[in-house]
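Survey of secondary and tertiary structure
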Amino acid sequence: MKINVSDLAPDRVKTKLLVIPKKDKKKKIDIIKNRFLAQRVIEVFLEDYGLENIRKLGAKAANLAKEFKVDELSIVFPNVNDYYEASKCLVEGVILSSYDFDKFKTKKENHKLKHVTILSKKNLNEIKKGIRFGETVSKYVCLARDFVNDPANHATPDAFADRIAEISKKNKLKIKIYNEKQIKKMGMGCFLGVAQGTRKEPKLVVIEYKGTKKKDFYALVGKGITFDSGGISLKPSQGMHEMKGDMAGGAAVACAINAIAELRLPVNIIAVIPCVENMPGGNAMKPGDVLKSMSGKTVEVINTDAEGRLALADALYFVARKKPKAIIDIATLTGACVVALGYHVAGLVGNDDKLTDLIFKAGEKTNEKVWKLPLYKEYSEAIKSDIADIKNIGYDNGAAGSLTAAAFLKEFVDEIPWAHIDMAGTFWSKENKDYYKKGATGWGVRLFVELFNSLSVKSA
Ligand code: BES
Ligand code: MN
Ligand code: ZN
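Residues numbered from 1 in each chain as written. Chains lettered and ligands numbered in written order. Predicted model: local features only at pLDDT ≥ 70, side-chain atom pairs only at ≥ 80, totals over all residues. Heavy atoms only, no water.

Description of unusual backbone geometry
Notably, N367 is not glycine yet its phi reads approximately 60 degrees, a positive angle. With respect to the helices and strands, N367 occurs in the loop between helix 11 (353-366) and strand 15 (369-372). For N367, a relative accessible area of 22% translates into the label partly exposed. (Helix = DSSP H or I, 4+ residues; strand = E, 2+ residues; numbered from the N terminus. Buried < 20%, exposed > 50% of the residue type's maximum accessible area, 1.4 Å probe, protein only.)

Take a look at the structure:
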């Protein structure tokens, strides 16, 4: 898809579909309309021109193009305060709503939107810059969706790791993939515990992006469970297929660091993704087993379905030892988070208010909303084990499940500023809505790009 910007002033621009936003229902738009030889003109009413509505405007325009089967359209740019930011959002709306996961369809959908022209009377340069940024970010959101939608027989841990490597190499990122032997050598007993139940080899993916000469760096850690059957504590079959997306955190992290690299944001980041499948094979870990983490802490496995935190424990410790400025992990970690916050808000926990505030603000901007939950010491007490240092679940009845999970992760980050995002509710959409498509949402990529964009502005 080609997206460009054009001056609204010269008369008679030809287009198949002209989309004009308006805030005032009564206001006539004839003056603008007459400048165009448009086959169709559609007014889109928006309550306000806030950034989220601009994304929806882009989505609406692209969806209308599909409805009318046209491959080209023009959108009149609304009168906003910040043309650069709004242009990013408009492009996000157009590209993300045009996403389609059709690689397994033998008959492909034949409609493709090929050309979008953004028309504006002013600030064409800002709009152009916004288009480029929005295109790059959206490309990686779509890629994250591809990763999550891809079925687990295709996206095995090593296929997932290889694909991440392929993309990262294109962006000239440093990447290392640790194999099982190397993971063993590092003593990652918790991560390996999860890998026991499958024949597929686990992989630890480590990506490094250096965007500044400064020494300090941030760490991102993403849960990369390519399929979560629950293991011996097997999940019920209803909805189990969605667990092919239990690597959505890993996908978000991998795609975000690549987007950030392509945008050349001046920050340094290390991304770590433990890739593994959670299966109930003959050698699987069992409830009651005790594992030894890389940190040395021992963990009693009460429920093999609480596998994400086991893989993350070693990944977090691995990167905490390198002393990053802050660590942020993201994971489809707990069903309890879906119960607490639903499908449009992710859970946020952390040990550093400055960090969690920044994440909250980034989320408000990209409309990937996060809500902070508490991390009181009682949750840490709830994960004490009778026979090991800690156990992998808290209360038997699942009370505060997201927070006992977070308290578990906290054990492995030392005193480093850390935040944890639980995206169990937001990684998947049950419907086609606005710029979301049924299936993977690509949630988190835009959030991280925005976060590091705001961090790099601050430190500049
Ligand atoms: N991957 C799941 C959490 C999940 C549930 C993600 C629904 C997305 C949608 C995770 O590994 C899990 O199984 N968590 C258990 C933890 C429990 C055993 C303490 C859960 O939430 O039930
Ligand atoms: Mn699980
Ligand atoms: Zn899981």
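Comments concerning helix 8 (residues 248-262)
Between its first and last C-alpha, helix 8 extends 21 Å over 15 residues, near the 21 Å set by a 1.5 Å rise per residue. Most of helix 8 sits out of view: 14 of its 15 residues are buried. Just past helix 8, the residue R264 takes up positive phi, approximately 55 degrees. (Expected span 1.5 Å × (residues − 1).)

So, the sheet that holds strand 12 (residues 298-300)
Spatial ordering of the open sheet is given by 11-12-16, a layout of 3 strands whose pairing is mixed. At either margin of the open sheet sits one strand with a lone partner, and together these are strand 11 (290-292) and strand 16 (390-391). Here strand 11 runs beside strand 12; their pairing, made up of 3 bridges, is antiparallel. Bridging from a neighbouring strand, K292 pairs with T298 of strand 12. (Pairing = 2+ DSSP bridges.)

Considering the nonpolar core
In terms of nonpolar packing, the biggest core is built from 96 residues, with I359, I421, F448 and F452 touching the most fellow members. Here this core spans two domains, since at least three of its residues come from each of domain 1 (2-123) and domain 2 (140-459). (Core = buried A, V, L, I, M, F, W, Y, C linked by side-chain atoms within 4.5 Å. Domains from an automatic or database assignment.)

A closer look at empty space enclosed by the protein
Tallying each qualifying case throughout the model produces 3 cavities of 30 Å³ or more. Its boundaries defined by the atoms lining it, the largest cavity holds a volume of some 90 Å³. Considering the residues around the largest cavity, the lining is formed by 13 residues, among which R55, K88, E92, T366 and E450 are closest to the centre. Looking at the lining of the largest cavity, the elements with two or more residues in it are helix 2 (51-67), helix 3 (83-97), helix 4 (124-149), helix 11 and helix 14 (445-459). Its residues assigned to classes, the lining of the largest cavity shows 5 nonpolar, 1 polar and 7 charged. Two domains share the lining of the largest cavity, each providing at least three of its residues, namely domain 1 (2-123) and domain 2 (140-459). In this structure, the second largest cavity spans a volume of roughly 40 Å³. (1 Å grid on protein atoms, 1.4 Å probe; cavity = no way out; pocket = protein on both sides within 12 Å on 5 of 7 lines; lining within 4 Å. Points joined across faces, edges and corners; volume = space filled by probe spheres on them. Nonpolar A, V, L, I, M, F, W, Y, C, P; charged D, E, K, R; others polar.)

Let's talk about the coordination of the zinc ion (ligand 3)
Only K223 (NZ), D228 (OD), D246 (OD) and E307 (OE) from the protein coordinate the zinc ion (ligand 3), and they sit 2.0 to 2.4 Å from it. Geometry at the zinc ion (ligand 3) is octahedral, judged from the 6 donor atoms that bind it and their angles of 79 to 173 degrees at the metal. For the zinc ion (ligand 3), the single-chain donor residues occur in sequence as K-x4-D-x17-D-x60-E. In this structure the manganese ion (ligand 2) is found 3.1 Å away from the zinc ion (ligand 3), and D228 serves as a bridging donor for the pair. Under the relative-accessibility criterion, K223 is labelled buried at 2%. Judged by its relative accessible area of 3%, D228 falls in the buried class. (Donors = N, O, S within 2.8 Å, 3.2 Å for Na, K, Ca; no water. Tetrahedral: all angles 85-135°; square planar, octahedral: opposite > 155°, others 65-115°.)

Observations concerning the pairing of strand 17 (residues 418-422)
The buried fraction of strand 17 is high, at 5 of 5 residues. Both faces of strand 17 are covered, namely the face carrying W418, H420 and D422 and the face carrying A419 and I421. By the bridge criterion, 4 bridges tie strand 14 (residues 345-350) to strand 17 in an arrangement that is antiparallel. Among the inter-strand pairings, G347 is bridged to a residue of strand 17, identified as D422.

Comments concerning the domain arrangement of the protein
Partitioning the protein into domains gives domain 1 (2-123) and domain 2 (140-459). Once you take the C-alpha centre of each, domain 1 and domain 2 turn out to be 36 Å apart. In this assembly, 19 residues from domain 1 lie in contact with 17 residues from domain 2. Of the roughly 1,600 Å² buried between domain 1 and domain 2 on both sides combined, carbon and sulfur atoms contribute 56%. Across the domain 1-domain 2 interface, the total number found is 4 salt bridges. With a closest N to O distance of 3.4 Å, E85 and K365 form a salt bridge. If you look at where domain 1 meets domain 2, you find 11 residue pairs in polar contact (both at pLDDT 80 or more). Elements that contribute at least two residues to the side of domain 1 that touches domain 2 include exactly helix 2 and helix 3. By residue class, the composition of the side of domain 1 that touches domain 2 is 7 nonpolar, 4 polar and 8 charged. (Contact = heavy atoms within 4.5 Å. Buried area = accessible area lost by both parts, 1.4 Å probe. Salt bridge = Lys/Arg side-chain N within 4 Å of Asp/Glu carboxyl O. Polar contact = N/O pair within 3.5 Å; in protein donor to acceptor, adjacent residues only side chain to side chain.)

Some thoughts on the environment of K384
Secondary-structure assignment places K384 in the loop between helix 12 (377-381) and strand 16. Under the relative-accessibility criterion, K384 is labelled exposed at 54%. For the pair K384 and D71, spaced 313 residues apart in sequence, the C-alpha to C-alpha distance is 60 Å. Ignoring anything within four residues of it in the chain, the contact list for K384 reads D389, I390 and K391.

A word on the coordination of the manganese ion (ligand 2)
Around the manganese ion (ligand 2), the protein contributes the donor atoms D228 (OD), D305 (O), D305 (OD) and E307 (OE), which lie 2.1 to 2.2 Å from the metal centre. Each of the 6 donor atoms around the manganese ion (ligand 2) contributes to a set of angles spanning 70 to 168 degrees, which defines the coordination as irregular. Sequence spacing of the donors to the manganese ion (ligand 2): D-x76-D-x1-E. D305 gets classed as partly exposed once you look at its relative accessible area, which sits at 22%.

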